[in-house]
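As a plain string of letters, each chain reads:
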Amino acid sequence: MPPKEVERKRKIADVAKTIFNEARGEGMKGMDAVAHVIANRTSSKGFPNEADAVVSARTKNGYQFDGFKASLPTMRDPADQKAYRYCEDLADKLVKKQKVSDTDPTGGALYFDASRTSFDSWGRDKLQYTTQIGAHHFFAERPQNSQSSGPGEQPPGPRPSVSVGSQGLSVRAPVGGGGAVTLSGGPRAVGVGVSVPCGVQ
C-alpha cells in the first residue's frame, strides 16, 4: 500500500475513533454533532486546519478530546460495528475537508461537554451556549462586543430611564418590539403614555 494511502487511513482511523468514543450511545445525531465541532475547529483560528490534528491536539494534562486517547471497544456488538462504520464515513469526509452535512446542528460550536456548568468555568465572556444534543451541551465563541448571557437566555434589554423636568418626574420603560410606556407628572397629576413603533400591532 502506498505511504500516502497508509497515512490517509491512519487519519481516518484517529478521527473515527474519536467521534465514536465521544458520542457512543448518542446515535447518529450525536455523532454528527461531534463531527461538526471538529469541522468547525478546522476552519477556526487558534485550531489546526486538519481534522486528525484537531482530535490529537494536546493540553497540559492530556488531549483536548478524551475520545482520542481512549481505546476502542472490542466491537462484538453489531450496533457498535454499525456505529463505527458511520463514524468512519464522517471521518472520511472530515479528512477530505468535505461538508459533514448541509446544516450544522451545533450552531457553529467549537466546544462540547456533558455538563452545562462548563459554560461558567470556561468563561461566559468568551463563549455562548448554543444547544444540547443527546447528553452533550455545545458552546460557540461569543461574537465581539456582544453581551454575556446565560445558557438559553437572551441578552439583557434596555433599562428604564428616569428624568426630572419642569413638569415633575418622568419614567420611561421600554417594552417589546421597540415601544415604551411613559409615566410623568407632578405632585397633583400623573400622565401615562404608550408609544408603539411602526409595523408593530
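Keep in mind that this is a model prediction, so the values were computed, not measured.

Analysis parameters
Residues numbered from 1 in each chain as written. Predicted model: local features only at pLDDT ≥ 70, side-chain atom pairs only at ≥ 80, totals over all residues. Heavy atoms only, no water. Helix = DSSP H or I, 4+ residues; strand = E, 2+ residues; numbered from the N terminus. Buried < 20%, exposed > 50% of the residue type's maximum accessible area, 1.4 Å probe, protein only. Areas by Shrake-Rupley, 256 points an atom, 1.4 Å probe, with all protein chains shown as cover. Lys, Arg positive; Asp, Glu negative; His and termini not counted. Salt bridge = Lys/Arg side-chain N within 4 Å of Asp/Glu carboxyl O. Contact = heavy atoms within 4.5 Å. Phe/Tyr/Trp six-rings, centres within 6.5 Å; stacked < 30°, edge-to-face > 60°. Lys NZ or Arg CZ within 6 Å of the ring centre and 35° of its normal. pLDDT = per-residue confidence, 0-100. Axes fitted to C-alpha atoms, helices over the stretch in contact; angles between N-to-C directions. Parallel < 35°, antiparallel > 145°, perpendicular 65-115°, else oblique. Left-handed = near helix turned anticlockwise from the far one by under 90°. Nonpolar A, V, L, I, M, F, W, Y, C, P; charged D, E, K, R; others polar. Expected span 1.5 Å × (residues − 1).

1. Looking at the overall build of the protein chain
Reasoning step 1: Broken down by element type, the protein chain carries six helices and seven strands.
Reasoning step 2: Counting from the amino terminus, helix and strand elements in the protein chain follow one another as α-α-α-α-α-β-α-β-β-β-β-β-β.
Reasoning step 3: Residues classed as buried in the protein chain amount to 33% of the 201 residues present.
Reasoning step 4: With an accessible surface of roughly 12,700 Å², the protein chain has 51% of that area assigned to carbon and sulfur atoms.

2. Let's talk about the side chain of Glu22
Reasoning step 1: Looking at the secondary structure, you find Glu22 in helix 1 (residues 3-23).
Reasoning step 2: It turns out Glu22 is buried and unbridged, and the closest side chain with the opposite charge, Lys69, is 8.8 Å from it.
Reasoning step 3: The residues touching Glu22, leaving out its near neighbours within four places in the chain, are Val34, Phe65, Asp66, Gly67, Phe112 and His136.

3. Some points on the packing of aromatic side chains
Reasoning step 1: Overall, the coordinates contain six aromatic pairs when judged by the stated rule.
Reasoning step 2: Between Phe47 and Tyr111 the ring centres are 6.1 Å apart and the planes differ by 65 degrees, which places this aromatic pair in the edge-to-face class. A residue pair is termed long-range when its members are at least 10 positions apart, and Phe47 in the loop between helix 2 (27-42) and helix 3 (51-55) and Tyr111 in strand 1 (residues 111-113) qualify at 64 residues.
Reasoning step 3: In this structure Phe47 comes out as buried when scored by relative accessible area, which is 17%.
Reasoning step 4: Using a relative accessible area of 25% as the deciding quantity, one classes Tyr111 as partly exposed.
Reasoning step 5: Within the aromatic cluster, the residues linked to one another by ring pairs are Phe65, Phe112 and Phe138.
Reasoning step 6: Over the aromatic face of Phe68 sits the side chain of Lys17, whose NZ or CZ is 4.9 Å from the ring centroid.

4. Looking at the side chain of Asp32
Reasoning step 1: Mapping Asp32 onto the fold places it in helix 2.
Reasoning step 2: Look at Asp32: it is buried, it has no salt bridge, and the nearest opposite charge is Lys93 at 7.2 Å.
Reasoning step 3: Setting aside residues up to four positions removed in sequence, Asp32 forms contacts with Tyr86, Leu90 and Val100.

5. Structural notes on the confidence of the model for the protein chain
Close inspection of predicted coordinates is inappropriate for parts of the model with low pLDDT.
Reasoning step 1: When pLDDT is averaged along the protein chain, the result is 80; 68% of the residues meet or exceed 70.
Reasoning step 2: Element-level pLDDT for the protein chain is lowest in strand 7 (residues 190-195), with a mean of 49, against a maximum mean of 98 in helix 3.
Reasoning step 3: Here residues 149-159 is a poorly scored stretch, pLDDT under 50, and it has 18 contacts once near neighbours within four places are set aside; other chains count.
Reasoning step 4: Throughout residues 194-201 the model reports pLDDT below 50, and contacts reaching past four residues in sequence, or to other chains, amount to ten contacts.

6. Thoughts on the packing of helix 1 against helix 2
Reasoning step 1: Relative to each other, helix 1 and helix 2 sit at 130 degrees, their axes nearing to 9 Å. Classified by the angle between their axes, helix 1 and helix 2 sit oblique to one another. Seen from above, helix 1 lies across helix 2 with right-handed handedness. Touching Val15, Ile19, Glu22 and Ala23 of helix 1 are Gly27, Gly30, Met31, Val34, Ala35 and Ile38, all from helix 2.
Reasoning step 2: When its residues are assigned to classes, the contact of helix 1 with helix 2 shows seven nonpolar, two polar and one charged.

7. What about helix 1?
Reasoning step 1: The first and last C-alpha atoms of helix 1 sit 30 Å apart over 21 residues, in line with the 30 Å expected at 1.5 Å per residue.
Reasoning step 2: Among the residues of helix 1, Ile12, Asp14, Val15, Ala16, Lys17, Thr18, Ile19, Phe20, Glu22 and Ala23 are the ones counted as buried.
Reasoning step 3: On its buried face, helix 1 sits against helix 2, helix 3, helix 4 (66-69), helix 5 (78-95), strand 1 and strand 3 (136-141).
Reasoning step 4: At the C-terminal side of helix 1, Gly25 shows a positive phi close to 90 degrees.

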